[in-house]
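Fold and contact review
Next come the chains, spelled out residue by residue.
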Amino acid sequence: MYSLFTMLAYTLPLVLSEMPEPVDLTHTYDEDTLHFSVYRSFNLTKVYMQGVNTFFSSNDFQTAEHLGTHMDAPYHFNPDGVRVDEILVSRFIGQAVIVDLRTKAQADPEYLVTPEDFIGWERRYGPIPKGAIIILDFGWAVKYTNPQEFFGTANINDYTTYRFPGLSVAGARWLINTGRVYGVGTDTASIDCGRSTDFPAHKVLSKTTIYNLEMVALPKEPLPPTGFQIAALPMKIREGTGAPVRILAIPNPFLQHTNMPL
């Protein structure tokens, strides 16, 4: 069985990157983990902490699938879609495409990403690469420690009052039509905008094998627009509609210094 880093070494092409080392794009799971009001909170119970002659510890935890940094499988909105345990592992590692939408989201907190945003990215950086993982950077991750700001409402227990930017249906269809996308991520609570209560972008994407990554913990300083890889590794839950996910931005020069065969 290949290790994760061996798999990364064989599957990630060498291109220039501005990142000197891997970047963790995952919010920590704890009692403050954010989630839509319809889900249970994360809970951790300490079971064993100290043995008689040696230290030993163990915990139990309970969590919903869709809270904190997590992955939506197509099955989340499509009864015929693949479950999280059925997604091909080769699709968990892809070419990074970071779409900088911070200025637009600052001007309009309910901004909807359009095909023109992706076309503009291609004009500047070239075609969306095959096997892309698209990350929408609204500058929202910095709000994560303030739930009212993150969800755009003082009433975080009522999801119908949420206000934050998202992906338009036209934008979702444009990504599908490229035939090059593995996953679509966002630093907000949902691929759809906060105002949405019928989640049309979710529904459109769920008709394909494209998964969603939500509440991506993007750094305050923006990542490069491309030139590195994203690894999104979900918990393997049988028949899961989604799962907690560890997301890493992997710079290619990092792989060159691991002394692994390339």
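In this report, the structure presented in the accompanying data block is examined. Small disclaimer: the values here were computed from a predicted structure and weren't measured.

**Thoughts on the overall build of the chain**
When helices and strands are counted, the chain shows 7 helices and 12 strands. Pairs at least 24 apart in sequence give 75% of the contacts found in the chain among residues at least 6 apart. Of the roughly 13300 Å² of accessible surface on the chain, a fraction of 52% belongs to carbon and sulfur atoms.

**What to know about the side chain of Q229**
Checked against the element boundaries, Q229 lands in strand β11 (residues 228-234). In terms of polar contacts, Q229 uses its side chain to reach the side chain of Q95, at 3.2 Å.

**A look at the nonpolar core**
In this structure, F118, I134, L136, L167 and V184 are the most contacted members of the largest nonpolar core, which totals 35 residues. Of all the elements in the fold, those that place two or more residues in this core are β5 (93-100), α3 (115-125), β7 (132-137), α4 (147-151), α5 (169-178), β9 (181-186) and α6 (200-206). Once you skip the residues sitting within four places of it in the chain, I134 turns out to touch V97, V99, F118, I128, L175, V181, G183, V184 and G185. F228, A232, A243 and A249 belong to the second-largest nonpolar core, a separate cluster that totals 23 residues.

**Side note on the pairing of β11**
Across the 7 residues of β11, 6 count as buried, placing the element largely inside the fold. Pairing of β5 with β11 involves 3 bridges; the strand directions are antiparallel. Within β11, the position partnered with I93 by the bridge is A231. Two strands pair when backbone bridges link them, and β11 and strand β12 (residues 242-251) are joined in this way by 7 bridges, in the antiparallel orientation. By the bridge assignment for β12, A232 is matched with I247.

**A few points about unusual backbone geometry**
In this model, M215 sits at a positive phi of 55°, which is unusual for a non-glycine residue. Within the secondary structure, M215 sits in the loop between β10 (211-214) and β11. One non-glycine residue, E239, lies in the positive phi region at around 60°.

**Comments concerning a nonpolar patch on the surface**
Taken together, L44, F61 and M235 make up a surface patch of nonpolar side chains, about 280 Å² in accessible area. Of note, L44 is situated in strand β2 (residues 43-48). Residue class for L44 comes out partly exposed when judged on its relative accessible area of 42%.

**Examining the packing of α3 against α5**
It is at 8 Å that the axes of α3 and α5 come closest, and there the two elements cross at 45°. The pairing of α3 with α5 is recorded here as oblique in orientation. Of the residues in α5, those touching α3 at P115, F118, I119 and E122 are A170, G171, W174 and L175. The residue makeup of the contact of α3 with α5, split by class, is 6 nonpolar, 1 polar and 1 charged.

**Thoughts on α5**
Among the residues making up α5, those that are buried are G171, A172, W174 and L175. Buried residues of α5, seen end-on, are gathered within an arc of 160° and therefore sit on one face of the element. Buried residues along α5 sit in contact with β6 (112-113), α3, β7, β8 (166-167), β9 and α6. G179 occupies a position one or two residues after α5 and carries a positive phi of about 65°.

**Digging into the environment of E214**
Mapped onto the secondary structure, E214 falls in strand β10. Put simply, E214 and T26 are 188 residues apart on the chain and 9.9 Å apart in space, counted from C-alpha to C-alpha. Excluding anything up to four places from it in sequence, E214 contacts G68, T69, H70, D72, T186, T188, A189, S190, I191 and H202.

**Considerations on the pattern of salt bridges**
Tallied over the entire structure, the rule returns 6 salt bridges. Between R163 and E110 there is a salt bridge, with its nearest N and O atoms 3.9 Å apart. In this pair, R163 is assigned in the loop between α4 and β8 and E110 in the loop between α2 (102-107) and β6, connecting sequence segments 53 residues apart. One salt bridge in this structure joins E110 and R195, with 2.8 Å as the shortest N-O distance. With E110 in the loop between α2 and β6 and R195 in the loop between β9 and α6, this pair connects stretches of sequence that are 85 residues apart. Judged by its relative accessible area of 26%, E110 is partly exposed. Take R195: its relative accessible area is 46%, and that puts it in the partly exposed class. Linked by salt bridges that have partners in common, E110, R163 and R195 make up one network.

Calculation rules
- Residues numbered from 1 in each chain as written.
- Predicted model: local features only at pLDDT ≥ 70, side-chain atom pairs only at ≥ 80, totals over all residues.
- Heavy atoms only, no water.
- Helix = DSSP H or I, 4+ residues; strand = E, 2+ residues; numbered from the N terminus.
- Contact = heavy atoms within 4.5 Å.
- Areas by Shrake-Rupley, 256 points an atom, 1.4 Å probe, with all protein chains shown as cover.
- Polar contact = N/O pair within 3.5 Å; in protein donor to acceptor, adjacent residues only side chain to side chain.
- Core = buried A, V, L, I, M, F, W, Y, C linked by side-chain atoms within 4.5 Å.
- Buried < 20%, exposed > 50% of the residue type's maximum accessible area, 1.4 Å probe, protein only.
- Pairing = 2+ DSSP bridges.
- Patch = residues over 30% accessible without salt bridge, like charges linked within 9 Å, V, L, I, M, F, W, Y side chains within 5 Å.
- Salt bridge = Lys/Arg side-chain N within 4 Å of Asp/Glu carboxyl O.
- Axes fitted to C-alpha atoms, helices over the stretch in contact; angles between N-to-C directions.
- Parallel < 35°, antiparallel > 145°, perpendicular 65-115°, else oblique.
- Nonpolar A, V, L, I, M, F, W, Y, C, P; charged D, E, K, R; others polar.
- Arc of directions from axis to C-beta.

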